[in-house]
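Take a look at the letters that make up each chain.
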Amino acid sequence: MSTERKAPKDIDEYMAGFPNEIREILQKIRMTIRKAAPDAEEAIRYQIPTFVRKGNLVHFAAFRKHIGFYPPARGDEKFRKQIAVYAGAKGNLRFPLDKPIPYALISKIVKLRAKENSAIAEAKGKRR
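The rules behind each value
Residues numbered from 1 in each chain as written. Predicted model: local features only at pLDDT ≥ 70, side-chain atom pairs only at ≥ 80, totals over all residues. Heavy atoms only, no water. Pairing = 2+ DSSP bridges. Helix = DSSP H or I, 4+ residues; strand = E, 2+ residues; numbered from the N terminus. Axes fitted to C-alpha atoms, helices over the stretch in contact; angles between N-to-C directions. Contact = heavy atoms within 4.5 Å. Salt bridge = Lys/Arg side-chain N within 4 Å of Asp/Glu carboxyl O. Buried < 20%, exposed > 50% of the residue type's maximum accessible area, 1.4 Å probe, protein only. Core = buried A, V, L, I, M, F, W, Y, C linked by side-chain atoms within 4.5 Å.

A word on the sheet that holds strand β2 (residues 48–52)
Within a sheet, neighbouring strands are paired by backbone hydrogen bonds and run either parallel or antiparallel to one another.
Part 1 of the reasoning: What the five strands build is an open sheet, ordered β1-β2-β3-β4-β5; its pairing is antiparallel. Strand pairing shows two members of the sheet lacking a second neighbour, β1 (41–45) and β5 (93–96), which therefore form its edges. On average, each strand axis in the sheet is inclined to that of its neighbour by 25°, with strand direction left out of account.
Part 2 of the reasoning: In the packing of helix α2 (residues 20–36) onto the sheet, contacts are made with β1, β2, β3 (56–62) and β4 (66–70), and the angle to β3 comes to roughly 170°.

Written as structure tokens, this is what we have:
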């Protein structure tokens, strides 16, 4: 018997495996990302929901006690202080489920990540 979980085929299938209250949070995160980066495409990467725009934009996943969000954007000192309270291991962010989810901060991260991805794609194009 295999203990490996089958990767969901899309974000809807991923979210279907969670209780309603978690699904509502995941759906609101999805809509927040969609609004911040309307041209990003949905995908499943690393078996978790991912938005792609000129490369992987952001990933998010539900855990027992938090929502994981990857990767955080780079920003100025003020922005780094904003995300520091959510810093997890390996450069991810952890939004505790027993506290309000910072949707405005998620939106800001997505917009910054979109700018980062565009700059990287532009730099790669100039090198060719």
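Overview of the pattern of salt bridges
Part 1 of the reasoning: If you walk through the whole model with that rule in mind, you get eight salt bridges.
Part 2 of the reasoning: One salt bridge in this structure joins K9 and E13, with 3.3 Å as the shortest N-O distance.
Part 3 of the reasoning: Residue K9 is classed as exposed on the basis of its relative accessible area of 64%.
Part 4 of the reasoning: Of the charged contacts, one joins R30 and D12 as a salt bridge, the two residues approaching to 2.7 Å between their closest N and O atoms. Within this pair, whereas R30 is found in helix α2, its partner D12 is found in helix α1 (residues 11–16), the two being separated by 18 residues in sequence.
Part 5 of the reasoning: Take R30: its relative accessible area is 7%, and that puts it in the buried class.

Some remarks on the nonpolar core
Part 1 of the reasoning: Membership of the largest hydrophobic core comes to 33 residues, with the highest contact counts inside it found for I29, I33, F69, I106 and V110.
Part 2 of the reasoning: Apart from residues no more than four positions distant in its own chain, V110 is found in contact with I33, A36, A37, L57, V58 and F69.

A closer look at the environment of V110
Part 1 of the reasoning: Mapped onto the fold, V110 is located in helix α4 (residues 103–127).
Part 2 of the reasoning: Between the alpha carbons of V110 and V52 there is a distance of 11 Å; along the sequence they are 58 residues apart.

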